[in-house]
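Structural features, examined
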Amino acid sequence: METGILLESGTNELEILEFRVGSNYYGINVAKIREILPYQVPTPIPNADARIEGIFMPRDEIISIVDLSRVMNLPAAQSTVGDMYIVTNFNNLNTAFHVQGVEGIHRVSWGDIIEPDSTINASGMGMATGIVRIEGRLIIILDFEKIVAEINPETGLKISDVEHMTGRSRVDSPILIAEDSPLLGKMLLDCLKRAGFANIDLTNNGKECWDKLSAYQEQGVLDQKVACVITDIEMPQMDGHHLTKLIKSDEQMMHIPVIIFSSLINDEMRKKGESLGADMQLSKPEIGQLVGAIDQVLQIENADGTSV
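This structure is a prediction, so every number in the text was calculated from the model and none was measured.

Procedures and definitions
Residues numbered from 1 in each chain as written. Predicted model: local features only at pLDDT ≥ 70, side-chain atom pairs only at ≥ 80, totals over all residues. Heavy atoms only, no water. Buried < 20%, exposed > 50% of the residue type's maximum accessible area, 1.4 Å probe, protein only. Helix = DSSP H or I, 4+ residues; strand = E, 2+ residues; numbered from the N terminus. Contact = heavy atoms within 4.5 Å. Pairing = 2+ DSSP bridges. Right-handed = clockwise from strand over helix to strand, strands pointing away. 1 Å grid on protein atoms, 1.4 Å probe; cavity = no way out; pocket = protein on both sides within 12 Å on 5 of 7 lines; lining within 4 Å. Points joined across faces, edges and corners; volume = space filled by probe spheres on them. Nonpolar A, V, L, I, M, F, W, Y, C, P; charged D, E, K, R; others polar. Axes fitted to C-alpha atoms, helices over the stretch in contact; angles between N-to-C directions.

With respect to helix 8 (residues 287–297)
Within helix 8, eight of the 11 residues are buried, which leaves the element mostly enclosed by the surrounding structure. If you follow the buried residues of helix 8, they end up packed against strand 11 (175–178), helix 3 (182–194), strand 13 (228–231), strand 14 (258–262) and strand 15 (280–283).

Right, dumping it as structure tokens:
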């Protein structure tokens, strides 16, 4: 089963694949999916993380398989009849997730997706990025990036890329960030502060970011409050593409640089971002490249006085 990104750019909609783990129903953004394949017996890997079921080789590429039942502490299935692999691509990595069945694809608005509260994602430790009601059922959209990053931290933000930047000059240009993951938001904040950016405002989703921009515009302080916007793509209430479209369609805001920093950056998503006017687009692990991109759009000079 091949999947494709079927939606127009900036509509604030997404397609969710509903799937089953055990007797529970969950969702994943179709934009993360490379393909869906029938279950085949994996090759086990000695001394691998317990959540890694093994590997398989559907073509000329070896792909690791994550057992979602084990990840979520659910009872192991008694049979693999009808099981599937959801093969994903994000953070420049292909990973397969073992599920018990695929139910179908639903087109929904990000505005209909509820952000989990602190009782569900206490201290950013939960696995849900959003909850949506579909045909009377509550579908939990899982945080696949967090699942993979917990198994292999190297797939998360490459914090080592900014460790050498501690001595950089202080930058007071105001930066507004839209990032729904509390964990990634804090890491992003810490990394950018380490790189010298001292004036950062973090919002939880595109809508919160847009509301703040609109308020600044109404107060006549937009340019004093925002010199650059950094946005994720996948967020409840309003996604990063719709936020970019709103900014770049507004005559008073369109001059503000927008950097899309997302795990979903691929050729197809890059074309979408370009069509919406994004100034730069970077894959989420590359925090060092993000620092360079901010330097570039803010025209920050190097120590020798030359522009980046």
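With respect to the pairing of strand 11
Side chains Ile 175 and Ile 177 project from strand 11 onto one buried face, and the interleaved Leu 176 and Ala 178 project onto a second face that is buried too. Two strands pair when backbone bridges link them, and strand 11 and strand 12 (residues 200–203) are joined in this way by four bridges, in the parallel orientation. By the bridge assignment for strand 12, Ile 177 is matched with Leu 202. Each parallel crossover has a hand, and for strand 11 linked through helix 3 to strand 12 it is right-handed.

Some remarks on empty space enclosed by the protein
In this structure the tally under the stated criterion is three cavities of 30 Å³ or more. The computed volume of the second largest cavity comes to approximately 120 Å³. Lining the second largest cavity are 13 residues, and of these Glu 145, Asp 180, Asp 232, Glu 234 and Lys 284 sit closest to its centre. Among the residues forming the lining of the second largest cavity, the class breakdown is two nonpolar, four polar and seven charged.

Quick notes on helix 6 (residues 240–248)
Of all the nine residues making up helix 6, seven are buried; the element is thus mostly covered by neighbouring parts of the structure. Among all positions of helix 6, only Gly 240, His 241, His 242, Leu 243, Thr 244, Ile 247 and Lys 248 are buried. In this structure, the buried residues of helix 6 make contact with strand 11, helix 4 (206–219), strand 13, strand 14 and helix 7 (267–276).

With respect to the sheet that holds strand 6 (residues 84–90)
Strands sit in the order 3-6-7-5-4 across an open sheet of five strands; the sheet is mixed. Either end of the sheet is taken by a strand with one partner, and the two such strands are strand 3 (33–38) and strand 4 (52–56). With direction set aside, neighbouring strand axes in the sheet form an average angle of 25°. Set on the sheet, helix 2 (residues 144–151) makes contact with strand 4, strand 5 (63–67), strand 6 and strand 7 (93–99); between it and strand 7 the angle comes to about 105°.

Observations concerning the sheet that holds strand 11
Here five strands make up an open sheet; going across it, the order is 12-11-13-14-15 and the pairing parallel. In this open sheet, the two strands that pair with only one neighbour each are strand 12 and strand 15. Geometrically, the sheet is characterised by an average inter-axis angle of 20° between neighbouring strands, direction not taken into account. Two strands pair when backbone bridges link them, and strand 13 and strand 14 are joined in this way by three bridges, in the parallel orientation. When the bridges of strand 14 are listed, Thr 231 appears paired with Ile 260.

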